[in-house]
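# Structure at a glance
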Amino acid sequence: MIVVFGSINMDLVARVQAIARPGATVLSRRADSFFGGKGANQAVAAARIGRGGPIAIAMVGAVGNDPFGKACLDNLRENGIDTQAVRIVGEPTGCAFITVDDTGENAITVASGANMALRAADLPQSLLSKASVLVLQMEVPLGENLEVAARARQAGVRVVWNFAPVPAVTERASMTELLAATDVLVVNEHEAVSIAAAVAMSAGEDYLEAGKAVARSFATTCIVTAGARGAFAIGADGSQIHAAARPIAPVDTTGAGDTFVGVLAHGLGEGLEIGNAMRRACAAASLSCLTAGAQAGMPFRDALERHLAQG
């Protein structure tokens, strides 16, 4: 089983010609609603790749007692995800406000709501005992994430931590504790540099050097995603594996990183080596950019296999 501990949101998306600069206003013809939240996105990505297979996906999160919360829960269940550990709380369901420009780039503001009410105790030991992989992100309280990660490591469960979005964590001790609890760290170029700086490692703006420093210092595997340049897995010994991105004309890049993480976690749950799991995740992330919305373009396994077969 793969357990995802994290956020559940409703995304409100507006397409614009150009993303607004500070102090500017831009017009959009309409706003559309999509299911989102990094945790829910990653769970859906893993579930679609594993649809009909032996690996179950469970979501641990929190939603409000409101229409968005009900819709989000229904969506998770429709994707075959176990929601027994999703709690209904007094805060409103998390909501993300997303603008997407004509090139497919996006800017996102998240109102966390119920996600900040998620607690480590919401993950029952009975569920954790079935898990082979635990997936974490940074849209729920850091302390709860750390507690869950420690429990997972003690139980022999592999911890995949997506360091996104970058939190306002400046204390070296907190960052060190996070990295020490992680088996596979997934970051983008900017996040890799931010982590290295937070723990006083000298890497400048070189994201690969930053990834190497983190992997070496904390005996973890650091995966750096680099958009059109693909992804790089850096081992604690300094070894490096590259997975190329598939050439595409993106419609919407929202959710591409979450697709990568969910499909990567599923591959690790299946027992794939990190390089093969990462290559499959890169291909899935590319496919996800061809449809508007974080989850709408996430591929099912048959579509991904056809895409991979094309070379």
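Above: the structure in question.
Residues numbered from 1 in each chain as written. Predicted model: local features only at pLDDT ≥ 70, side-chain atom pairs only at ≥ 80, totals over all residues. Heavy atoms only, no water.

## Quick look at the sheet that holds strand 9 (residues 158–162)
If you walk across this open sheet you meet the nine strands as 5-4-1-8-9-10-11-12-13, and the pairing is mixed. Edge positions in the open sheet fall to strand 5 (82–89) and strand 13 (240–243), since each of these has one partner strand only. Ignoring which end each strand starts from, the neighbouring axes of this sheet average 15° apart. Bridge count between strand 10 (residues 184–188) and strand 11 (residues 221–225): five bridges; the pairing is parallel. Looking across to strand 11, one finds that Val184 is bridged to Thr221. Together, strand 1 (2–5), strand 4 (57–64), strand 8 (133–136) and strand 9 form the strand contacts of helix 1 (residues 38–49), whose direction differs from that of strand 4 by roughly 150°. (Pairing = 2+ DSSP bridges. Helix = DSSP H or I, 4+ residues; strand = E, 2+ residues; numbered from the N terminus. Axes fitted to C-alpha atoms, helices over the stretch in contact; angles between N-to-C directions. Contact = heavy atoms within 4.5 Å.)

## Describing the packing of helix 6 (residues 189–198) against helix 7 (residues 207–218)
Between helix 6 and helix 7, whose axes approach to 8 Å, the crossing angle comes to 50°. On the basis of the axis angle, helix 6 is oblique to helix 7. Considering how the two elements wind past one another, helix 6 and helix 7 form a crossing that is left-handed. On helix 7, the residues touching Glu189, Ala192, Val193, Ile195 and Ala196 of helix 6 are Tyr207, Ala210 and Val214. Residues of the contact of helix 6 with helix 7, tallied by class, amount to seven nonpolar, no polar and one charged. (Parallel < 35°, antiparallel > 145°, perpendicular 65-115°, else oblique. Left-handed = near helix turned anticlockwise from the far one by under 90°. Nonpolar A, V, L, I, M, F, W, Y, C, P; charged D, E, K, R; others polar.)

## A short note on the environment of Ile241
Structurally, the position occupied by Ile241 is in strand 13. When its relative accessible area of 28% is taken as the criterion, Ile241 is described as partly exposed. Residues Ile241 and Ser217 lie 24 residues apart in sequence; the distance between their C-alpha atoms is 18 Å. Those residues in contact with Ile241 that sit more than four places away from it in its chain are Ala231, Phe232, Ala233, Ile274, Gly275, Met278 and Arg279. (Buried < 20%, exposed > 50% of the residue type's maximum accessible area, 1.4 Å probe, protein only.)

## Here we look at helix 2 (residues 67–78)
For helix 2, built from 12 residues, the straight-helix expectation of 16 Å at 1.5 Å per residue is met to within 8% by its first-to-last C-alpha distance of 16 Å. Of the positions making up helix 2, those classed as buried are Gly69, Cys72, Leu73, Asn75 and Leu76. One side of helix 2 holds all its buried residues, which, seen down the axis, span an arc of 160°. More than 90 degrees from the buried face of helix 2, the exposed residues found are Pro67, Lys70 and Glu78. At its buried positions, helix 2 is contacted by strand 2 (9–15), strand 3 (31–36), helix 1, strand 4 and strand 5. Phi turns positive one or two residues past the end of helix 2, at Gly80, with a value near 80°. (Expected span 1.5 Å × (residues − 1). Arc of directions from axis to C-beta.)

## Some details on the pattern of salt bridges
In this structure the tally under the stated criterion is 12 salt bridges. The salt bridge involving Arg280 is made with Glu270; its shortest N-O contact spans 2.7 Å. Of the two residues, Arg280 is situated in helix 9 (residues 274–288) and Glu270 in helix 8 (residues 256–270); the sequence distance between them amounts to 10 residues. With its nearest N and O atoms 3.6 Å apart, the salt bridge here joins Arg301 to Glu305. With Arg301 and Glu305 both in helix 10 (residues 301–309) and four residues apart, the pair spans about one turn of that helix. Judged by its relative accessible area of 27%, Arg301 falls in the partly exposed class. Glu305 sits in the partly exposed class, given a relative accessible area of 36%. (Salt bridge = Lys/Arg side-chain N within 4 Å of Asp/Glu carboxyl O.)

Honestly, it's all geometry; don't read function into it.
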